[in-house]
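Spelled out from the first residue to the last, the chains are:
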Protein chains: 2
Amino acid sequence: MASYNVAPLEKLVEQFERMPGIGYKTAQRLAYYVLNMTKSDARAFSEAIIEAHEKIHYCKICCNLTDGELCPVCGSVKRDKSVICVVETPRDAMAMEATDEYKGTYHVLHGAISPLNDIGPDDLKIKELIARLSGEVNEVIMATNPTVEGDATAMYISRLLKPIGIKVTRLAYGIPVGGDLEYADQVTLARALEGRNEL
Amino acid sequence: MASYNVAPLEKLVEQFERMPGIGYKTAQRLAYYVLNMTKSDARAFSEAIIEAHEKIHYCKICCNLTDGELCPVCGSVKRDKSVICVVETPRDAMAMEATDEYKGTYHVLHGAISPLNDIGPDDLKIKELIARLSGEVNEVIMATNPTVEGDATAMYISRLLKPIGIKVTRLAYGIPVGGDLEYADQVTLARALEGRNEL
């Protein structure tokens, strides 16, 4: 195998291999794909990486990613600034946005409290959230993931906010729409039962 | 959704999405991974793309990828120049190399004859193969894929080479080692029977 290593190719394979969910075989396939790109496409790809890195930073209000001073949500006059939806990652905010139901603003924590991974409250954008809680805000929706870490983070933040007199809510747990009761896990089913609504 | 598009990020997601086997969700995950890289890592990644593109070209003998004048195999005095193993892609050559059994040289066609995809013999490195057939070469092993295209390519090349008096062989078809007869497809099993060897 060793005799076949072409150094610049191996370097590219290594770069891809570091990415989440990409193994050696996939990394190889991607590297070959890059080699087969036209020169201008490869340049565009290379520049897109640098550009994304240089232009994108956190919105100074909600800590979501943006290339402007404010993110499109915080900068919009149409959004309800009295509600803040707290999510773990920018992708979670994107998922909420895709529902087309939510008209408030976001706050991106960039993680969740996880003692096992040595991530404490100070590593998250919690101070930035507290700083936003002027008289205008009257509800904070905790939309962290339904995991141990997400729940712990939601609990931690709700304990901080309740004394200030702000309403803190949590996304509903329950069976997914289109799901199958038979395949729902026990915990989810128990939570769905607990959270049942009158018809 | 639209209000959340951060242009440089979307551009990067699009770049990843074009790659083989990468859908929108994975492309997003990769783009976020790139954003979370350190600045110097992002620069290294970006440069690896350009470098691979600029430094890697075809070996002038076997058409495999290399950053030198000759690939490591063609440039080695230890390899048997009298045997050429013809493969479709550089990755196939790498797979052969990984067996550690083959000591001859390679020839990379960069594809297979496929009328459906408008790929004819002239689109492959067949001329380059013919040009290599000096008196030194006495066997050409067709190691194209066991597919309709690979078989057609092997047949086509063997018909070109046999009149010149060169021995052309084909990799054996059969059941994979460690496989299960029960799950072998009919065609493979029929070929394995056909190619049976005395014990």
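Remember, it's a predicted structure, so these values are computed and weren't measured experimentally.

**Re the pairing of strand β4 (residues 104–108) of chain A**
Regular strands have side chains that alternate between both faces of the sheet.
Residues and elements named next belong to chain A.
Next, step 1: Of all 5 residues that make up β4, 5 are buried, and the element is covered over most of its length.
Next, step 2: Inspection of the sheet shows strand β3 (residues 80–87) paired to β4 by 5 bridges, in the parallel sense. Within β4, the position partnered with Cys85 by the bridge is Tyr106.
Next, step 3: Read as a crossover between parallel neighbours, the route from β3 over helix α5 (residues 90–98) to β4 is right-handed.

**Comments concerning the interface of chain A and chain B**
Next, step 1: Taken residue by residue, the interface counts 59 residues in chain A and 59 residues in chain B.
Next, step 2: Together chain A and chain B conceal approximately 5,900 Å² of surface at their shared face, both sides included; 68% is due to carbon and sulfur atoms.
Next, step 3: Where chain A packs against chain B, one counts 6 salt bridges.
Next, step 4: Between A:Asp41 and B:Arg18 there is a salt bridge, with the nearest N and O atoms lying 3.9 Å from each other.
Next, step 5: For the side of chain A that touches chain B, the secondary-structure elements that each account for two or more residues are α1 (7–17), α2 (24–36), α3 (39–55), β2 (65–66), α4 (72–75) and α5 of chain A.

**A short note on the relation of the copies chain A and chain B**
Next, step 1: Least-squares fitting of chain A to chain B yields an RMSD of 0.0 Å, with the transformation described by 0.0 Å of translation along the axis and a rotation of 180 degrees. Considering both components of the superposition, the chain copies are consistent with a two-fold axis. Across chain A, the rotation axis passes nearest the C-alpha of A:Ser46, at a separation of 2.2 Å.
Next, step 2: An overlap of 100% is found between the interface residues of chain A and their copies at the interface of chain B, pointing to a shared contact surface.

**Some details on the packing of aromatic side chains**
Next, step 1: Summed over the entire model, instances satisfying the criterion amount to 5 aromatic pairs over all chains.
Next, step 2: Here A:Phe16 and B:Phe45 contribute two aromatic rings whose centre-to-centre distance is 5.4 Å and whose plane-to-plane angle is 90 degrees, an arrangement assigned as edge-to-face. Here the residue A:Phe16 occupies a position in helix α1, and B:Phe45 occupies one in helix α3 (residues 39–55), the pair thus bridging two chains. Here the two residues A:Phe16 and B:Phe45 agree in accessibility, since each one is buried.
Next, step 3: When the ring of A:Phe45 is compared with that of B:Phe45, the centres are 6.2 Å apart and the planes differ by 85 degrees; the resulting orientation is edge-to-face. Residue A:Phe45 is located in helix α3, and its partner B:Phe45 is located in helix α3; the two belong to separate chains.
Next, step 4: Since its relative accessible area comes to 0%, A:Phe45 is described here as buried.
Next, step 5: Above the face of the A:Tyr173 ring, A:Arg191 is positioned so that its terminal group lies 4.2 Å from the ring centre.

Reading the values: rules and limits
- Residues numbered from 1 in each chain as written.
- Chains lettered and ligands numbered in written order.
- Predicted model: local features only at pLDDT ≥ 70, side-chain atom pairs only at ≥ 80, totals over all residues.
- Heavy atoms only, no water.
- Buried < 20%, exposed > 50% of the residue type's maximum accessible area, 1.4 Å probe, protein only.
- Helix = DSSP H or I, 4+ residues; strand = E, 2+ residues; numbered from the N terminus.
- Pairing = 2+ DSSP bridges.
- Right-handed = clockwise from strand over helix to strand, strands pointing away.
- Contact = heavy atoms within 4.5 Å.
- Buried area = accessible area lost by both parts, 1.4 Å probe.
- Salt bridge = Lys/Arg side-chain N within 4 Å of Asp/Glu carboxyl O.
- Least-squares fit on C-alpha atoms with pLDDT ≥ 70 in both.
- Phe/Tyr/Trp six-rings, centres within 6.5 Å; stacked < 30°, edge-to-face > 60°.
- Lys NZ or Arg CZ within 6 Å of the ring centre and 35° of its normal.

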